[in-house]
Every structure is written in structure tokens, then in C-alpha cells.
Amino acid sequence: MTTTITHNFLNEVESFTERKLHHKIFLQQLIDEANKNDTVQKFEELAFTGKYVSGLFRAIKIGQSNPDVTNLQMIKEDLMRNIEKVITLIKEMTSNLNAEVFAEINTKFIELSKDQFNNITQLVDDLDQVKKYLNYLKRNIS
């Protein structure tokens, strides 16, 4: 059975979380590609990984101000591995887009300069919100 994410999905996410998404247009591109290529499970994996990365960011922020946290380096390494996973999933999901659109995505999210890192951080926050809504849907539909 093919799962499709509705076109109104991101509006529903914003309504549910009571927060505006930073990169709604890009997320819609990812959803459109996932629906078109029957890879919705990859989008869900991206949302899960984004939520996990968001949690790692919070753990690092808390850990830096808490001298009792002794595994901060391990958390940072896990963070970098999972940011790479987010980037890999984005590349996989957008590989069928035309070269111009893919170049724009690459410039905005994939090349890890300071600007791209800020964009990916915002995107991860968006994915965290998406995952919260997906979890809500799964709990209330089952």
C-alpha cells in the first residue's frame, strides 16, 4: 500500500505545533518528491533523524552549562554523524530534481558553511515539529 502525505500536511503541522516552519517551501518539495517517488518512508526517516538531532542540540546546550555532564564529546560526535545522515537523506530525496533546483538546495543546506549550518539547524527544528505531528497522527489513527 502506498502512503501519501497530503498537500495540506505542513499547514496541519503548523496548526498542531502552533509554530511556523522555517523552511516550509523546501519541506513541501521533499514531500512532493516523496509522494512522486513512493519514498514517504524516507521522508519519515528524515523527520525521525531531524527530531533526534534537535534533541542532541538540546543535550549539548544543557551539557555545556552542567559540569556533571562528562560525555559531551560523544554527544557532539553523534550530532555530526546524524547531521550527515540528514544531508544524505536530503541528497537522496532530491536527486531526481533538475540541476538548477538541486544546486539551490545544495547551496542552502548541504555545503556546511556557517549559513548552511544555520539553515540545517532550522530545518532540523522543522523536522522535529513534523515528527511530533506524525507521532500524533499515528497514535490517534491506530
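Residues numbered from 1 in each chain as written. Predicted model: local features only at pLDDT ≥ 70, side-chain atom pairs only at ≥ 80, totals over all residues. Heavy atoms only, no water.

A closer look at the side chain of threonine 49
Mapped onto the secondary structure, threonine 49 falls in helix α3 (residues 40-64). The exposure class of threonine 49 is buried, given its relative accessible area of 2%. Excluding anything up to four places from it in sequence, threonine 49 contacts Asn82, Lys85, Val86 and Leu89. (Helix = DSSP H or I, 4+ residues; strand = E, 2+ residues; numbered from the N terminus. Buried < 20%, exposed > 50% of the residue type's maximum accessible area, 1.4 Å probe, protein only. Contact = heavy atoms within 4.5 Å.)

Comments concerning helix α2 (residues 24-36)
Helix length check: α2 (13 residues) gives 18 Å between terminal C-alpha atoms against 18 Å at 1.5 Å per residue, within 8%. Within α2, the full set of buried residues consists of Phe26, Leu27, Gln28, Leu30, Ile31, Glu33 and Ala34. Tucked into the core, α2 has its buried residues touching α1 (9-17), α3, α4 (72-94), α5 (99-110) and α6 (114-141). Positive phi shows up at aspartate 38, right after α2, with a value of about 55 degrees. (Expected span 1.5 Å × (residues − 1).)

Considerations on the side chain of aspartate 78
Relative to the elements of secondary structure, aspartate 78 occurs in helix α4. Side-chain polar atoms of aspartate 78 contact the side chain of asparagine 82, separated by 2.9 Å. Those residues in contact with aspartate 78 that lie beyond four places of it in its chain are Tyr52 and Leu56. (Polar contact = N/O pair within 3.5 Å; in protein donor to acceptor, adjacent residues only side chain to side chain.)

Some words on the packing of aromatic side chains
Under the defined criterion, the tally for this structure stands at six aromatic pairs. Ring geometry for phenylalanine 57 and phenylalanine 117: centres 6.1 Å apart, planes at 75 degrees, overall edge-to-face. Taken together, the residues phenylalanine 57 in helix α3 and phenylalanine 117 in helix α6 connect sequence positions 60 residues apart. For phenylalanine 117, a relative accessible area of 30% gives the class partly exposed. Relative to tyrosine 136, the ring of tyrosine 133 has its centre 6.0 Å away and its plane inclined at 25 degrees; by these criteria the two rings are stacked. Of this pair, tyrosine 133 and tyrosine 136 are both found in helix α6, three residues apart, which corresponds to roughly one turn of the helix. Site record: aromatic cluster; members linked through ring pairs are Phe9, Phe16, Tyr133 and Tyr136. (Phe/Tyr/Trp six-rings, centres within 6.5 Å; stacked < 30°, edge-to-face > 60°.)

Topic: the confidence of the model for the chain
Confidence along the chain averages 90 in pLDDT terms, with 97% of residues attaining 70 or more. Averaged pLDDT values for the elements of the chain fall to 88 in α5 and rise to 96 in α1. (pLDDT = per-residue confidence, 0-100.)

Details of α4
Helical geometry note: an α-helix holds 3.6 residues per turn, so side chains three or four residues apart project in the same direction. Along its 23 residues, α4 runs 33 Å from first to last C-alpha, staying within 8% of the 33 Å computed at 1.5 Å per residue. The set of residues buried in α4 consists of Leu72, Ile75, Asp78, Leu79, Asn82, Ile83, Val86, Ile87, Leu89, Ile90, Met93 and Thr94.

Some words on the nonpolar core
Counting 37 residues, the largest nonpolar core has Phe9, Leu27, Phe43, Leu46, Ile90, Leu123 and Val130 as the members making the most contacts within it. Listed by contribution, the elements that provide at least two residues to this core are α1, α2, α3, α4, α5 and α6. Ranked by residue count, the leading element in this core is α4, at nine residues. Sequence-distant contacts of leucine 123, defined by excluding residues within four places in its chain, comprise His23, Phe26, Leu27, Ile90 and Phe109. (Core = buried A, V, L, I, M, F, W, Y, C linked by side-chain atoms within 4.5 Å.)

A look at the packing of α2 against α3
Direction vectors running N to C along α2 and α3 enclose 145 degrees, while the axes themselves pass 7 Å from each other. Here Leu27, Leu30, Ile31, Ala34 and Asn35 of α2 lie close against α3, whose contacting residues are Val40, Phe43 and Leu46. Along the lines of polarity and charge, the residues of the contact of α2 with α3 split into seven nonpolar, one polar and no charged. (Axes fitted to C-alpha atoms, helices over the stretch in contact; angles between N-to-C directions. Nonpolar A, V, L, I, M, F, W, Y, C, P; charged D, E, K, R; others polar.)

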